[in-house]
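Reading the structure
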Amino acid sequence: MSDAPIPARAALLWLPALGVPARKYERLGAALAARGIALGVHEWRGTGAHPARPSRRDDWGYRELLVEDIPATRSALSAAHPGMPLLYGGHSIGAQFAVLAAALHGGAEGLVAVGSGVPHWRLFPGPLRWLVGAFGHALPPLTRAVGSYPGHRLGFAGREAGQLMRDWAQTVRRGHYDGLPGLPERLGERIAALDLPFLGLRLAEDRLVPAASLRALVAATGTRSASERVLHAEHLGVAADHFAWMREPRAVADAIAGWWPGGRGGFSS
């Protein structure tokens, strides 16, 4: 299939993985444009071209990203594509934020998750379960002591805001989104009210997102139209892990473009 752009039939607000700059999704944007989906990629505060950098003095969490930052990108995408169906989606933590943003602000006509799910420690298999659980308990004291999260030194994500990682760790420990600082206390009820077509794409070799994690994210919503597809290396042309697909995103773009606007199907293994 040629990667020449064609007229768009939907716009997709895309939220990146933790610590991943927006420019890393340029290939995905080109592949989707060739399939009639316009991609608008959000730049996380503190990442890539965004001028802010986390520190003890400059800190933020889920509230700032969801209430202040994401709506601005959503408004810009809607203005660029007026009257077009607007989808919310993302990669890894980005898809979690897509669900949260849809629950808080509305405006979405469909949800897309790539390599994402609820990061509850109990959803991970074997010894990894205890490692993830321990990490979720270690993050609050670590980030308060350092003033931010030194992911560039620990090998997981980048240098991130301390409150952001404490909020993430709360979901790791509890398995839900209620009680996050500065957000509605019963956010789970708003998530459960989302009855939108939901596409979940899981990478077959992705140890960071087990199948149970993705299914927990879908189940948290009220969707009656959920589709899951598992992408293997032979589909992608690269390793089917958490990040490699970004280098060869055509299979992911094919799955998204083929799913919308139908949004129908069931879970497969």
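Criteria and cut-off values
- Residues numbered from 1 in each chain as written.
- Predicted model: local features only at pLDDT ≥ 70, side-chain atom pairs only at ≥ 80, totals over all residues.
- Heavy atoms only, no water.
- Helix = DSSP H or I, 4+ residues; strand = E, 2+ residues; numbered from the N terminus.
- Rg over C-alpha atoms; globule rule 2.2 N^0.38 Å.
- Buried < 20%, exposed > 50% of the residue type's maximum accessible area, 1.4 Å probe, protein only.
- Areas by Shrake-Rupley, 256 points an atom, 1.4 Å probe, with all protein chains shown as cover.
- Lys, Arg positive; Asp, Glu negative; His and termini not counted.
- Charge placed at Lys NZ, Arg CZ, Asp CG, Glu CD.
- Arc of directions from axis to C-beta.
- Contact = heavy atoms within 4.5 Å.
- Axes fitted to C-alpha atoms, helices over the stretch in contact; angles between N-to-C directions.
- Parallel < 35°, antiparallel > 145°, perpendicular 65-115°, else oblique.
- Pairing = 2+ DSSP bridges.
- Right-handed = clockwise from strand over helix to strand, strands pointing away.
- Expected span 1.5 Å × (residues − 1).
- Salt bridge = Lys/Arg side-chain N within 4 Å of Asp/Glu carboxyl O.
- Phe/Tyr/Trp six-rings, centres within 6.5 Å; stacked < 30°, edge-to-face > 60°.

**Some words on the overall build of the protein**
Across its full length, the protein carries 10 helices and 8 strands. Against the compact-globule benchmark of 18 Å for 269 residues, the protein has a radius of gyration of 17 Å, which places it among compact chains. Counting only C-alpha atoms, the protein reaches 50 × 40 × 35 Å along its principal axes. Counting every position in the protein, which comprises 269 residues, the buried fraction comes to 54%. Put simply, the protein shows about 11,500 Å² of open surface, and 54% of that area lies on carbon and sulfur atoms. Of the side chains in the protein, 29 bear a positive and 22 a negative charge, and the two mean positions are spaced by 4 Å.

**A short note on helix H8 (residues 211–220)**
Turning to H8, its buried residues are Ser 213, Leu 214, Leu 217 and Val 218. Across the axial projection of H8, the buried residues extend over an arc of 135 degrees, all falling on one side. Packed against the buried residues of H8 are helix H3 (93–105), strand E4 (110–114), strand E7 (198–203) and strand E8 (226–231).

**Re the packing of helix H2 (residues 62–80) against H3**
For the pair H2 and H3, interaxial distance at closest approach is 10 Å and the crossing angle is 80 degrees. Here H2 lies roughly perpendicular to H3, going by the angle between them. In this structure, H2 uses Tyr 62, Leu 65, Leu 66, Val 67, Ile 70, Pro 71 and Arg 74 to contact H3, whose residues at the interface are Ile 93, Phe 97, Leu 100, Ala 101, Leu 104 and His 105.

**Remarks on the pairing of E4**
Judged by how many residues are buried, E4 sits mostly within the fold: 5 of 5 residues are covered. The two faces of E4 match: Gly 110, Val 112 and Val 114 on one face and Leu 111 and Ala 113 on the other face are all buried. Taken together, the 5 bridges between strand E3 (residues 86–91) and E4 define a ladder with parallel strand orientation. Paired with Leu 87 across the two strands is Gly 110, which belongs to E4. You can see the chain leave E3, run along H3 and come back into E4, and the turn it takes is right-handed. Judged from the 4 bridges that link them, E4 and E7 form a sheet pairing that is parallel. Considered in E7, the bridge of Val 114 is made with Leu 201.

**What to know about H2**
The first and last C-alpha atoms of H2 sit 26 Å apart over 19 residues, in line with the 27 Å expected at 1.5 Å per residue. Buried within H2 are the following residues: Tyr 62, Glu 64, Leu 65, Leu 66, Asp 69, Ile 70, Pro 71, Thr 73 and Leu 77.

**Some thoughts on the pattern of salt bridges**
All chains considered together, the criterion is met by 10 salt bridges. With its nearest N and O atoms 3.8 Å apart, the salt bridge here joins Arg 186 to Glu 189. Each member of the pair, Arg 186 as well as Glu 189, is classed as exposed. A salt bridge links Arg 215 to Glu 228, with the shortest nitrogen-to-oxygen separation between them at 3.0 Å. Separated by 13 residues along the polypeptide, Arg 215 in helix H8 and Glu 228 in strand E8 bring together distant segments of the chain. Using a relative accessible area of 33% as the deciding quantity, one classes Arg 215 as partly exposed. Take Glu 228: its relative accessible area is 5%, and that puts it in the buried class. By sharing partners, the salt bridges in this structure join Arg 45, Arg 63, Glu 64, Glu 68 and Asp 69 into a single network.

**Notes on the packing of aromatic side chains**
For the structure shown, the criterion picks out 10 aromatic pairs. Taken together, a centroid distance of 5.9 Å and an interplanar angle of 65 degrees make the contact between Phe 135 and Trp 168 edge-to-face. Of this pair, Phe 135 sits in helix H4 (residues 126–146) while Trp 168 sits in helix H6 (residues 162–174), placing them 33 residues apart in sequence. Under the relative-accessibility criterion, Trp 168 is labelled buried at 10%. Here the aromatic cluster, defined as three or more aromatic residues joined through ring pairs, consists of Phe 135, Tyr 149, Phe 156 and Trp 168.

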